[in-house]
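Overview (structure and organization)
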Amino acid sequence: MSLRQITVLGECVADAFAAPASTSNELALRVLPGGGPANTAVSLARLGTPARFLARLSGDVFGRLFRAHLEASGVDLSDAVPAAEPSTLAVAELDAMGQAVFSFHAQNTADWQWTAEELDRVDLSGTACLHTGSLALVREPGAAAVEDFLASAAPHATISIDPNVRPLLVHPDVYRARLAHWCALADVLRLSEDDLELLLPGTPPEQACDLWHAAGARLVVITRGADGALASLDGDRVQVPAVATTVADTVGAGDSFTAGLLHHLGARGLLGGRLTGLRLDDVTRACRFAARVAALTCSVAGPNPPWRSQLGRSATADLV
């Protein structure tokens with residue numbers, strides 16, 4: 001099986017989790033490399049897809065951690081930009097269900113400083129799919145350059161977007177104002193039910209899918225945690241159940257789902273254009289595979305997606 005490259009653009013974030021401290025008047029933090037796009041790139045590479053990550057990597061201690069983590073997972077960093085600015089830091093608290101609540105330290109950090117000149121140097125001729133989203137599409141000053149980059153890539157590559165709304169950093173109104181434009185660019189829109197509630201409060205998922213199809217997105221997938229996922233291809237829909245697992249936390253689960261979805265579609269030769277050959281059966285199989293990848297991510301602490309060898313024969317048999 002020969003897979004074409006998927007390019008991911010976006011941020012790396014240092015996810016800091018509280019850890020046991022030696023005294024009661026101090027806080028120890030365990031720092032793991034994260035950030036939605038970075039997690040997706042890592043998951044793709046571990047699944048066996050050639051994954052290139054377009055990032056602006058700081059030279060600080062966190063940036064060096066990011067680089068080592070990405071390279072150890074097999075991610076291609078040949079087009080990553082060495083950045084003078086500091087890395088973005090997110091401090092996470094986990095609730096009783098393993099859901100993370102983040103506070104961000106992201107002012108003037110490396111991730112948001114994209115320029116047209118930096119992106120103009122990127123060769124996408126070997127890329128089947130370009131995936132981005134999260135804060136790269138809404139944080140200034142780089143957001144406009146990223147949108148222009150997507151528009152230039154769309155004639156040659158499948159475009160995948162995960163809004164990954166972060167209301168503590170950017171008001172949801174900013175996402176709402178741009179979402180129709182993103183759908184006009186995107187072939188795949190993957191988002192969580194939390195994103196849906198922030199973007200279209202009170203809107204039934206099926207109605208939201210139809211709105212986004214009308215704006216241009218052919219495939220919309222809404223992940224719903226333990227309730228599985230709703231996938232809609234041009235209005236034809238399927239519900240895919242979640243895979244049962246013991247949850248350590250849910251950090252990175254949505255990013256891993258996206259990676260599993262794109263990996264499976266790429267393995268079947270369905271990426272590289274406007275998804276014209278895609279059928280609902282293809283979507284169903286891809287979402288089932290993605291649910292398995294997400295479940296394994298939830299079973300371990302932090303954004304630590306599985307390697308292909310950990311999936312087992314049943315999960316990978318459909319890729320052959």
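Check the entry above for the structure.
Scanning the protein from N- to C-terminus turns up 10 helices and 14 strands. Taking 20 Å as the expected radius of gyration for a compact globule of 320 residues, we find that the protein reaches 18 Å, a close match to that expectation. Overall, the protein is about 55 × 45 × 40 Å in size when its C-alpha atoms are taken along their principal axes. The burial tally for the protein puts 56% of its 320 residues in the buried class.

Right, let's talk about the sheet that holds strand β4 (residues 51-54) for a bit. If you trace the 8 strands from one edge of the open sheet to the other, you get β4-β1-β9-β10-β11-β12-β13-β14, paired in mixed fashion. The sheet terminates laterally at β4 and β14 (236-240), the two strands that pair on one side only. Along the sheet, successive strands turn relative to each other by an average axial angle of 15°, direction set aside. Relative to β4, strand β1 (residues 5-9) runs parallel, the two sharing 4 bridges. Looking at the pairing, threonine 7 lines up with arginine 52 of β4. Where helix α9 (residues 280-298) meets the sheet, it contacts β12 (219-223), β13 (229-233) and β14, and its direction lies at approximately 25° from that of β14.

Now for the environment of glutamine 5. Inspection of the secondary structure assignment puts glutamine 5 in strand β1. Placed 124 residues apart in sequence, glutamine 5 and cysteine 129 show a C-alpha to C-alpha distance of 7.2 Å. With residues up to four places along the chain from it excluded, the contact list for glutamine 5 reads Pro50, Arg52, Asp76, Gly126, Thr127, Ala128 and Cys129. Polar contacts involving the side chain of glutamine 5 include one to the side chain of threonine 7, which spans 3.3 Å. In terms of polar contacts, glutamine 5 uses its side chain to reach the side chain of threonine 127, at 2.8 Å.

Considering the arrangement of structural elements, one finds glutamate 147 in helix α4 (residues 143-153). Classification of glutamate 147 by relative accessible area gives buried; the value is 10%. Setting aside chain neighbours within four positions, we find glutamate 147 in contact with Leu137, Arg178, His181, Trp182 and Leu185.

The omega torsion across glutamate 140 and proline 141 is 15°, close enough to zero to call that bond cis. Positive phi outside glycine occurs at serine 134, with the angle close to 55°. Residue position: serine 134 is located in the loop between β9 (127-133) and α4. Look at serine 134 and you get buried, because its relative accessible area is 3%. Although it is not a glycine, asparagine 164 sits at a positive phi angle of roughly 45°. You can see asparagine 164 is positioned in the loop between β10 (158-162) and α5 (172-185). Among the residues examined, asparagine 164 registers a relative accessible area of 13% and is labelled buried.

Once that is clear, we can look at empty space enclosed by the protein. Considering all chains together, one arrives at 2 cavities of 30 Å³ or more under this definition. In this structure, the largest cavity spans a volume of roughly 40 Å³. Taken together, Gly36, Pro37, Thr40, His131, Thr132, Gly133, Ser134, Asp162, Asn164 and Asp255 make up the full set of residues lining the largest cavity. For the lining of the largest cavity, the secondary-structure elements that each account for two or more residues are α1 (36-47) and β9. Of the residues assigned to the lining of the largest cavity, the class counts are 1 nonpolar, 7 polar and 2 charged. Put simply, the second largest cavity is a space of about 30 Å³. Around the second largest cavity, the lining residues are Cys12, Arg56, Leu57, Ser58, Phe66, Pro86, Ser87, Thr88, Ala110 and Asp111. If one sorts the elements of the lining of the second largest cavity by residue count, strand β5 (residues 56-58) sits on top with 3 residues. Each residue belonging to the lining of the second largest cavity can be placed in one class, and the counts come to 5 nonpolar, 3 polar and 2 charged.

Across the 7 residues of β9, 7 count as buried, placing the element largely inside the fold. Inspection of the sheet shows β1 paired to β9 by 4 bridges, in the parallel sense. Looking at β9, one finds that glutamine 5 is bridged to threonine 127. Bridge count for β9 against β10 is 5 bridges, and the pairing is parallel. Across the sheet, the residue bridging to histidine 131 is serine 160, located in β10. Read as a crossover between parallel neighbours, the route from β9 over α4 to β10 is right-handed.

Definitions and limits used
Residues numbered from 1 in each chain as written. Predicted model: local features only at pLDDT ≥ 70, side-chain atom pairs only at ≥ 80, totals over all residues. Heavy atoms only, no water. Helix = DSSP H or I, 4+ residues; strand = E, 2+ residues; numbered from the N terminus. Rg over C-alpha atoms; globule rule 2.2 N^0.38 Å. Buried < 20%, exposed > 50% of the residue type's maximum accessible area, 1.4 Å probe, protein only. Pairing = 2+ DSSP bridges. Axes fitted to C-alpha atoms, helices over the stretch in contact; angles between N-to-C directions. Contact = heavy atoms within 4.5 Å. Polar contact = N/O pair within 3.5 Å; in protein donor to acceptor, adjacent residues only side chain to side chain. 1 Å grid on protein atoms, 1.4 Å probe; cavity = no way out; pocket = protein on both sides within 12 Å on 5 of 7 lines; lining within 4 Å. Points joined across faces, edges and corners; volume = space filled by probe spheres on them. Nonpolar A, V, L, I, M, F, W, Y, C, P; charged D, E, K, R; others polar. Right-handed = clockwise from strand over helix to strand, strands pointing away.

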